[in-house]
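A structural walkthrough
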Amino acid sequence: QVQLQQSGAELVKPGTSVKLSCKASGYTFTSNHMNWIKQTTGQGLEWIGIINPGSGGTSYNVKFKGKATLTVDKSSSTAFMQLSSLTPEDSAVYYCARASDGTYDYWGQGVMVTVSS
Amino acid sequence: DIQMTQSPASLSASLGETVTIECRASEDIYNGLAWYQQKPGKSPQLLIYNANSLHTGVPSRFSGSGSGTQYSLKINSLQSEDVASYFCQQYYDYPDTFGAGTKLELK
């Protein structure tokens with residue numbers, strides 16, 4: 001069965017970076033693009049970007065360009081998202097979600113990132 | 001960006017009742033719409049895609065309809081396990097955008 005296993009919660013200081021991981025199993029990793037989504041109580045769900053695990057090609061929401069960097073490691077079927085220059089506004093739950101014809105058919109369990117000094 | 005306006009923000013209904021949640025897009029999204037269910041502390045789960053197609057394993061009491069800019073999710077014969085938040089998402093145009101969500105509770 002398809003599973004997306006995300007890394008654990010992060011407590012990080014403002015101005016630093018954090019790299020989140022999403023390990024895929026139960027399907028051919030390069031067969032589906034991978035999305036990343038941010039969820040906050042105030043802003044709801046926001047699409048951050050998408051990566052093609054086969055080619056490494058990416059597309060970002062303009063709002064997150066310069067903030068998020070998506071990469072993959074095909075050898076371990078793992079997708080990564082690095083968030084840089086963190087501020088309290090980056091505190092959120094972040095999800096990876098497998099792309100399927102525009103929708104997100106499987107989601108990771110989410111990882112809470114807290115930015116605080 | 002395409003704006004998705006979802007209503008109502010919250011909804012209280014009784015077991016066995018039929019409930020409807022609406023989503024309006026700021027422009028025609030040509031049925032590029034999905035609905036998700038999110039239970040407390042869990043990740044969202046896909047229910048409906050292409051506005052009216054049921055995702056694998058989703059109970060048939062869930063259905064989607066609509067076209068153009070107006071879409072709806074209907075839940076027939078509400079069950080206790082349907083207590084959750086529901087979100088619409090348009091994927092007709094980048095960036096994908098979501099409705100603000102509807103919190104469904106039992107009366």
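Everything that follows concerns the structure shown earlier in this document.
Cut-offs and rules
- Residues numbered from 1 in each chain as written.
- Chains lettered and ligands numbered in written order.
- Predicted model: local features only at pLDDT ≥ 70, side-chain atom pairs only at ≥ 80, totals over all residues.
- Heavy atoms only, no water.
- Helix = DSSP H or I, 4+ residues; strand = E, 2+ residues; numbered from the N terminus.
- Rg over C-alpha atoms; globule rule 2.2 N^0.38 Å.
- Buried < 20%, exposed > 50% of the residue type's maximum accessible area, 1.4 Å probe, protein only.
- Contact = heavy atoms within 4.5 Å.
- Buried area = accessible area lost by both parts, 1.4 Å probe.
- Salt bridge = Lys/Arg side-chain N within 4 Å of Asp/Glu carboxyl O.
- Polar contact = N/O pair within 3.5 Å; in protein donor to acceptor, adjacent residues only side chain to side chain.
- Nonpolar A, V, L, I, M, F, W, Y, C, P; charged D, E, K, R; others polar.
- Pairing = 2+ DSSP bridges.
- Axes fitted to C-alpha atoms, helices over the stretch in contact; angles between N-to-C directions.

For chain B, the helix and strand inventory stands at zero helices and eleven strands. When the helices and strands of chain B are listed from N to C terminus, the series reads β-β-β-β-β-β-β-β-β-β-β. Over its C-alpha atoms chain B spans a radius of gyration of 13 Å, differing by no more than 12% from the 13 Å that the globule rule assigns to 107 residues. Taken along the three principal axes of its C-alpha coordinates, chain B extends 35 × 25 × 25 Å. Counting only residues that meet the buried cut, chain B has 46% of its 107 residues in that class.

We now examine the interface of chain A and chain B. It is common to give the size of an interface as the accessible area that goes away when the parts come together. The partner chain B presents 16 residues to the 16 residues of chain A that form the contact. For the pair chain A and chain B, the summed buried surface comes to about 1,400 Å²; carbon and sulfur atoms form 62% of the total. Contact with chain B buries surface across chain A, with Leu45, Tyr104 and Trp107 of chain A losing the most and accounting together for 37% of the total. Inspection of the region where chain A meets chain B yields zero salt bridges. If you look at where chain A meets chain B, you find six residue pairs in polar contact (both at pLDDT 80 or more). Here the side of chain A that touches chain B is composed, by residue class, of seven nonpolar, six polar and three charged.

The next thing to look at is the pattern of salt bridges. All names here are of chain B. Under the criterion given, the structure shown has five salt bridges over all chains. Here Glu81 and Arg61 are joined by a salt bridge, their closest N and O atoms 3.6 Å apart. Separated by 20 residues along the polypeptide, Glu81 in the loop between strand E8 (70-75) and strand E9 (84-90) and Arg61 in the loop between strand E6 (53-54) and strand E7 (62-67) bring together distant segments of the chain. Taking relative accessible area as the criterion, Glu81 reaches 41% and is therefore assigned partly exposed.

With that settled, the discussion passes to the sheet that holds strand E1 (residues 4-7) of chain B. Working definition: the strands of a sheet are paired by backbone hydrogen bonds and lie parallel or antiparallel to each other. All names here are of chain B. Pairing is antiparallel across the open sheet formed by four strands, whose spatial order is E1-E3-E8-E7. In this open sheet, the two edge strands, each paired with only one partner strand, are E1 and E7. Between one strand axis and the next, the sheet turns by 15 degrees as a mean value, whatever way the strands run. As judged from the six bridges shared by E7 and E8, these two strands associate in the antiparallel manner. Residue pairing across strands places Gly66 opposite Tyr71, the latter belonging to E8.

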